[in-house]
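Topology and contacts: notes
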Amino acid sequence: MGVLSVSGNLTATSSGPLNLGSGSIGGSLLATSNNGNITQATASGNKLTVGGTTTLNAGTGDIVLTQTGNDFVGNVTLTATGTGTVAITTANTLNLAASNVGAKSMTLSAGTFNFPGGASSIVTTGGVTLQGLTAATTIGVGTGLLTGDLKITQAMINAFAD
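Residues numbered from 1 in each chain as written. Predicted model: local features only at pLDDT ≥ 70, side-chain atom pairs only at ≥ 80, totals over all residues. Heavy atoms only, no water.

**Quick look at the overall build of the protein**
Along the backbone of the protein there are 1 helix and 21 strands. Expressed as a percentage of the 162 residues in the protein, the buried residues total 43%. Surface accessibility of the protein: about 7,100 Å² in total, with carbon and sulfur atoms responsible for 53%. (Helix = DSSP H or I, 4+ residues; strand = E, 2+ residues; numbered from the N terminus. Buried < 20%, exposed > 50% of the residue type's maximum accessible area, 1.4 Å probe, protein only. Areas by Shrake-Rupley, 256 points an atom, 1.4 Å probe, with all protein chains shown as cover.)

This is the structure in structure tokens:
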């Protein structure tokens, strides 16, 4: 998509791979790739900022948004069934809402993790890896259900020890 500068909401739909590029979206992002991979610009310094909620539906495709400067401010919902990878990096808090990533392995990198309670759930048989971006990384877990394995990296273990 190139460099984005959207003050409101953005809906992006493709019939295959969907590259969101880089830049900022002031409102919410709804991206649907109809079984293609959802990615972003990968050159150094390219980041994606979404001021509202982020809903990513790759069908059987992968979701890989891993630039260090990314910032997903609102709740993030992920749908990507099948096998493969789901990887999200956000510079601040990752608020992961109800998500289904099938048998994919899911790697989440953030300064703070929040899994809202209520009806939210994270369904995966591929497991979840949480990577803290700082030694002060915290995890807030509501009453949501995680189906699958959870792996916490060494940086996260150090955060629990503090």
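From this point, the discussion proceeds with the structure in view.
**Re the confidence of the model for the protein**
Looking at the protein as a whole, the pLDDT averages 81, with 76% of positions reaching at least 70. At the level of individual helices and strands, the protein shows its lowest average pLDDT in helix α1 (residues 154–161), which scores 45, and its highest in strand β5 (residues 29–32), which scores 97. Confidence drops under pLDDT 50 across residues 156–162; counting only partners more than four residues distant or on other chains, this segment forms 12 contacts. (pLDDT = per-residue confidence, 0-100. Contact = heavy atoms within 4.5 Å.)

**Quick word on the side chain of T90**
With respect to the helices and strands, the residue T90 is situated in the loop between β12 (85–89) and β13 (93–96). According to the relative accessible area criterion, T90 is buried, its value standing at 0%. At 2.9 Å, the side chain of T90 and the backbone nitrogen of F72 are in polar contact. (Polar contact = N/O pair within 3.5 Å; in protein donor to acceptor, adjacent residues only side chain to side chain.)

**Re the pairing of strand β18 (residues 128–132)**
With 4 of 5 residues buried, β18 is to be regarded as a mostly interior element. Pairing of strand β15 (residues 105–110) with β18, which is carried by 5 bridges, proceeds in the parallel orientation. By the bridge assignment for β18, A110 is matched with G132. (Pairing = 2+ DSSP bridges.)

**Some words on the environment of V64**
For V64, the position within the fold is in strand β9 (residues 63–65). Using a relative accessible area of 31% as the deciding quantity, one classes V64 as partly exposed. Through-space distance from the C-alpha of V64 to that of N37 is 7.7 Å; in sequence the pair is 27 residues apart. Apart from the residues lying within four places of it in its own chain, the contact partners of V64 are I38, T39, Q40, T85 and A87.

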